[in-house]
Amino acid sequence: MKKSTLLLSVLALIIFNGCGGGIKGLLIYDTDPTLKTIKQVRALPMMSSVGFEWEKIEDRRVHGINIYRGSPNDRFGGDQGFKRIGSVGNRYATHFVDTHTKPNTKYLYTFTTFSLGKESKHGAILRVKTRPPFAGVCFVQAYKVAPGVVKLLWKPHPSQRVNAYIIERSVNGGAWKYVSQVEGQLMAEYIDTFVRNGNSYAYRIIAKSYDDIRAKASQPTHISL
């Protein structure tokens, strides 16, 4: 009986505390108009993340900050359309990073402060656009080096953020399909042995960064066997 009670207690703690603070997304706040709002937030958009900074909160009642995000494509009515994407559980904190954004995309953000199950009114809406993806590989060429063998060569991408290249192929004008991925910024070749005489092939290279951002595809190179 004691073991069963202990197990139930542990399960209850897991359910209510969550793993990594996920329970914060389930909290529902009442509005307390007397809580101070964050009047000014500075944003630093990157390709796949947006950093935020604000002044230290002096109101001692405040326990932390809630961050909400929306899309300018949505039709909002008041605060509708915004979803809470994070919480900072310390009023002395002045920074937050949204790491779940896409390149070259517009977002809306608004912030509140919270205390004991209540939060302030939403602050001003901040409009942010993330940076576009980096340029693609600027040169790629296909060569027939033996019967049933095509060798691809390309110019390594100049960005040190790149750590891999994705090779895609089209056969006889068909859809682009994934062929392989090669690792390393300076890797500049791929050998395709799955080709047959009588077919025409097109290849393109997509550079990929450490944080899984993909550049635009290179111009295709064509070869007929």
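Up top is the structure these notes are about.
Residues numbered from 1 in each chain as written. Predicted model: local features only at pLDDT ≥ 70, side-chain atom pairs only at ≥ 80, totals over all residues. Heavy atoms only, no water.

The next subject is the sheet that holds strand β15 (residues 200-209). Taken together, four strands build an open sheet; the order of strands is β13-β12-β15-β16 and the sheet is antiparallel. Strand pairing shows two members of the sheet lacking a second neighbour, β13 (177-183) and β16 (221-224), which therefore form its edges. Across this sheet, the average inter-strand angle for adjacent strands is 25°, counted without regard to direction. Sheet topology places β15 next to β16; four bridges connect them, and they run antiparallel. Its bridge partner being in β16, Y203 is matched across the sheet by T221. (Pairing = 2+ DSSP bridges. Helix = DSSP H or I, 4+ residues; strand = E, 2+ residues; numbered from the N terminus. Axes fitted to C-alpha atoms, helices over the stretch in contact; angles between N-to-C directions.)

A word on the pattern of salt bridges. Evaluation of the coordinates by the stated rule reveals 10 salt bridges. The partner of E55 in a salt bridge is R42, with the nearest N and O atoms 3.4 Å apart. On the criterion of sequence distance, the pair formed by E55 in the loop between β3 (50-54) and β4 (64-70) and R42 in strand β2 (residues 41-45) is long-range, its members being 13 residues apart. Assessed through its relative accessible area of 36%, R42 is described here as partly exposed. Between R61 and D59 there is a salt bridge, with its nearest N and O atoms 3.3 Å apart. Overall, R61 belongs to the partly exposed group, its relative accessible area being 39%. Several salt bridges converge on common partners, so that one network encompasses R42, E53 and E55. (Salt bridge = Lys/Arg side-chain N within 4 Å of Asp/Glu carboxyl O. Buried < 20%, exposed > 50% of the residue type's maximum accessible area, 1.4 Å probe, protein only.)

On to the layout of surface pockets, then. Empty space within the largest pocket amounts to approximately 190 Å³. Every residue along the wall of the largest pocket is listed here: K36, T37, I38, K39, Q40, E55, K56, I57, E58, D59 and T113. Taken together, the residues of the lining of the largest pocket break down into two nonpolar, three polar and six charged. (1 Å grid on protein atoms, 1.4 Å probe; cavity = no way out; pocket = protein on both sides within 12 Å on 5 of 7 lines; lining within 4 Å. Points joined across faces, edges and corners; volume = space filled by probe spheres on them. Nonpolar A, V, L, I, M, F, W, Y, C, P; charged D, E, K, R; others polar.)

The next subject is the side chain of S209. In this structure, S209 sits in strand β15. Within the local environment of S209, its side chain forms a polar contact with the side chain of D211, the two groups lying 2.4 Å apart. In this structure, S209 is in contact with F134, R161, V162 and N163, ignoring residues within four places of it in sequence. (Polar contact = N/O pair within 3.5 Å; in protein donor to acceptor, adjacent residues only side chain to side chain. Contact = heavy atoms within 4.5 Å.)

Along the chain, N90 turns up in the loop between β5 (83-88) and β6 (95-98). With a relative accessible area of 38%, N90 lands in the partly exposed category. Sequence separation between N90 and I57 is 33 residues; the distance between their C-alpha atoms is 9.6 Å. N90 has contacts with H63, G64 and I65, leaving out every residue within four places of it along the chain.

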